[in-house]
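Chain by chain, the residues:
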Amino acid sequence: MMLRDSLDNQSTVSVTLSDGFISTNVSGTNRNPALPTTASQDSFFIGNFNGTIDDTAQLKIAGLNNTKKYTFTFYASRMASDGADRTTKYAINDQSVSLNATDNITETVQIKNASPVNGVVIIDVRRLGTLYGYLGVLQIQEQ
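Residues numbered from 1 in each chain as written. Predicted model: local features only at pLDDT ≥ 70, side-chain atom pairs only at ≥ 80, totals over all residues. Heavy atoms only, no water.

### Thoughts on the overall build of the chain
Now for step 1: The helix and strand tally for the chain stands at 1 helix and 13 strands.
Now for step 2: Mapped from its N terminus to its C terminus, the chain presents α and β elements in the order β-β-β-α-β-β-β-β-β-β-β-β-β-β.
Now for step 3: Taken over the C-alpha trace, the chain has a radius of gyration of 15 Å; the compact-globule value for 143 residues is 15 Å, and the two agree within 12%.
Now for step 4: Overall, the chain is about 45 × 30 × 25 Å in size when its C-alpha atoms are taken along their principal axes.
Now for step 5: Of all intrachain contacts in the chain linking residues separated by at least 6 positions in sequence, the fraction that spans at least 24 positions is 71%.
Now for step 6: Per element, the accessible surface of the chain, about 7,700 Å² overall, is 46% carbon and sulfur. (Helix = DSSP H or I, 4+ residues; strand = E, 2+ residues; numbered from the N terminus. Rg over C-alpha atoms; globule rule 2.2 N^0.38 Å. Contact = heavy atoms within 4.5 Å. Areas by Shrake-Rupley, 256 points an atom, 1.4 Å probe, with all protein chains shown as cover.)

So, in structure tokens, the structure goes:
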């Protein structure tokens, strides 16, 4: 999938799911003022769904500049009345961050100074919570 930059130009950066998510949902918040409603409400998820259990997903980000470093910002939201832990770990090489998507409105987490190898960064997504792990928005910023 080709991406678009902040000026809505087609980017040379692409995203490939090399280990997929189980499914998608539209149960995130519609109250995040920094994101379009469709971006804050929908997400990919991993976990136990319809008899399929998948605790991890992996994204391959290609087309990056080897001479640059990148900041990756992650956001996920899942509005739920059960209060269950939906913490997700995002990892690039030896750096990782975690975010609980349950009832999240605006919180994000970042991995900074990530360096591509041959123009590629691999992002591992793992559920740490009891139910599911989520990825709603991924922002890539060249430093």
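### A closer look at the side chain of Thr102
Now for step 1: Looking at where Thr102 falls in the secondary structure, it is placed in the loop between strand S9 (95-100) and strand S10 (109-114).
Now for step 2: Here Thr102 falls in the buried class, since its relative accessible area comes to 14%.
Now for step 3: Every residue in contact with Thr102, bar those within four places of it in the chain, is listed here: Arg78, Gly83, Ala84, Asp85 and Arg86. (Buried < 20%, exposed > 50% of the residue type's maximum accessible area, 1.4 Å probe, protein only.)

### Structural notes on unusual backbone geometry
Now for step 1: Although it is not a glycine, Asp8 sits at a positive phi angle of roughly 70°.
Now for step 2: Position of Asp8 relative to the elements: it lies in the loop between strand S1 (2-4) and strand S2 (10-19).

### Concerning the packing of aromatic side chains
Now for step 1: Taken as a whole and judged by the stated rule, the model has 6 aromatic pairs.
Now for step 2: Note on Tyr132 and Tyr134: the rings are 6.3 Å apart at their centroids and 65° apart in plane angle, and the pair reads as edge-to-face.
Now for step 3: Judged by relative accessible area, Tyr132 falls into the buried class, the value being 18%.
Now for step 4: Grouped by ring-pair contacts, the aromatic residues Phe45, Phe49, Tyr132 and Tyr134 constitute a single cluster. (Phe/Tyr/Trp six-rings, centres within 6.5 Å; stacked < 30°, edge-to-face > 60°.)

### Details of the sheet that holds S10
Now for step 1: What the 3 strands build is an open sheet, ordered S10-S7-S13; its pairing is antiparallel. The open sheet has two edge strands with one neighbour each: S10 and strand S13 (137-142). Between one strand and the next, the sheet's axes are offset by a mean angle of 15°, whatever the strand orientation.
Now for step 2: Pairing between strand S7 (residues 70-75) and S10: 4 bridges, direction antiparallel. Note that in S10 the partner of Phe72 across the bridge is Ile111. (Pairing = 2+ DSSP bridges. Axes fitted to C-alpha atoms, helices over the stretch in contact; angles between N-to-C directions.)

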